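The primary structure of each chain is shown beneath.
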Amino acid sequence: MPRTFKPPHARVGDTIPFFWDGTFHVFYLKRYADDTHDRIETDWWHLATDDLVEFDEVGVALTRGGVRDADHSTATGSIVRVGEQFHAYYTGFSGWQLEKGGRHQTILRATSPDLISWTKDASFALVADESRYDRHEWRDPFVFWDDDADCFRMLIAAQSIEGPAHRRGVTAQAISPDGEQWTPAEPLWAPGLFSMHECPDLFRMGGRWYLVYSTLTDRTVTRYRTAPTLAGPWTAPDDDELDGLGLYAAKTMSDGDRRYLVGWCPNYTAGKDGAPWLWGGDLVMHELTPAPDGRLLVHPVQRARDALIARADAPATTLDAVRIASAHGYTTHSLGTLPHAGVVDLTLTPARGTKVFGVELRTDDDRRHGYSVSVEPALRHVRIDRLGRFGADAPFDVRPFVLENDDVTLSIEFDGEVTRVYVDGEKAITYRGYDLTGDQIAVFVEEGAVDVGSGLIHSLQARPEEDR
């Protein structure tokens, strides 16, 4: 479990994760904003870690250009090794050029010998083919080497000029034999489902290809497709989300052994639960493994979690086994006290026919404050909610979940406002909760009974530090 990262007085935006020579690098778009003010322009900043626990902030990697430049904001892209250099392909945003009749978005390039010092390539610019694509929706280049075709491929989040207005998203392509000269190619995927396929990412694992992308229409989430070859067909499982509404613009990196999903958990306006969504927030990471049926399973970053628990600031607290029941109503039982940051592992076994069961986090004696993780077997979903939510407001999230076994294993990682809930080691749900008034964890049930198996609370930080 990597601790979440958020720069002082700023937010982590889209990430560009990259592994090289034993070090995990996470470049990210730094949004100079908090919950009360905002500035749209971003720079690329650089984090580095060799253990996925302690992140060193290397500093700024790519600085935005001037107001009239194509990269007045340096935005999402990717890094690839080309010969003896690293190439960063990135998106340049220019509001000034847009106002003057130019392009809003251009794909640009910078080079580096060491991933630390970067030089912008003023001679390089890749723009949309206006006979096929919207000239202003052309961003988020992802470049990789295709061994089978012996060439570099670039995936681009683009938008067709044809079709229903909110279903024109295309994963466009360009190819290059040497990483220098690029030629447009047919789209990798153009399904007519979403407005954009933001932040595309592609990898092969377990004999299959996986395309990861994020959507703004329908739900602001990170999704995936899988195919036996790059030619497709690109199909989705019943649940194609890699997390829920608490993670966006996630991309992946691998050390050759394990693959990690890296994105951001959004902040909300004025620092209030239920307020409008803001772009950017805290860095969040999960681990991905393929299931035999081709699905991607999302679970905790085990190597980081083990390391953090080993250096925990106090011995683990045991949660005693207990059974609670309410045949026709609701009952709750406090299990223990939550630290500011830590890990909780527990197993819940509902009686047959139980309507709702789960846990309450950051709650108090009156159950006035806090959040709930509710498993609703008959409705086949898990719901993340505020305990005091007004009925007309929406819950944080609702994710599909089928109770296939007799019990449910929950692994909950939390660091102040940001909580990650892992269900049965295969589904992740991240959320930000600003109400830290309560400090209890409780189990609850509605119209049924539930047994809590023995569990543990690992404390990683007992009390909050100064706000980041």
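Every value quoted in this text rests on a predicted model; they were computed, and no experiment measured them.

*Asks:* How should the state of the cysteines be read in this particular structure?
*Replies:* Linking two cysteines covalently via their sulfur atoms produces the bond known as a disulfide. Under the criterion given, the structure shown has zero disulfides. The thiol of cysteine 199 is unpaired, and the distance to the nearest cysteine sulfur, on cysteine 265, comes to 16 Å.

*Asks:* Hey, could you run me through the side chain of threonine 252 in this one?
*Replies:* Tracing the chain through its elements places threonine 252 in strand E16 (residues 248–254). At a separation of 2.7 Å, a polar atom in the side chain of threonine 252 contacts the side chain of aspartate 201. Engagement of the side chain of threonine 252 in a polar contact is seen with the side chain of arginine 259, the distance being 2.8 Å.

*Asks:* Explanation requested: empty space enclosed by the protein in the structure shown.
*Replies:* Where empty space is left in the structure can be found by rolling a water-sized probe over the atoms. In the structure shown here, the tally under the stated rule is two cavities of 30 Å³ or more. Size it by volume and the largest cavity reaches roughly 40 Å³. Lining the largest cavity, in full, are Leu245, Gly246, Tyr268, Phe396, Asp397, Thr430, Tyr431 and Arg432. The element best represented in the lining of the largest cavity is strand E29 (residues 427–432), accounting for three residues. Residues belonging to the lining of the largest cavity are distributed by class as follows: four nonpolar, two polar and two charged. Computed from the structure, the second largest cavity encloses a volume of approximately 30 Å³. In terms of lining, the second largest cavity is formed by Leu338, Leu361, Arg362, Phe414, Thr419 and Tyr431.

Conventions adopted
- Residues numbered from 1 in each chain as written.
- Predicted model: local features only at pLDDT ≥ 70, side-chain atom pairs only at ≥ 80, totals over all residues.
- Heavy atoms only, no water.
- Disulfide = S-S within 2.5 Å.
- Helix = DSSP H or I, 4+ residues; strand = E, 2+ residues; numbered from the N terminus.
- Polar contact = N/O pair within 3.5 Å; in protein donor to acceptor, adjacent residues only side chain to side chain.
- 1 Å grid on protein atoms, 1.4 Å probe; cavity = no way out; pocket = protein on both sides within 12 Å on 5 of 7 lines; lining within 4 Å.
- Points joined across faces, edges and corners; volume = space filled by probe spheres on them.
- Nonpolar A, V, L, I, M, F, W, Y, C, P; charged D, E, K, R; others polar.

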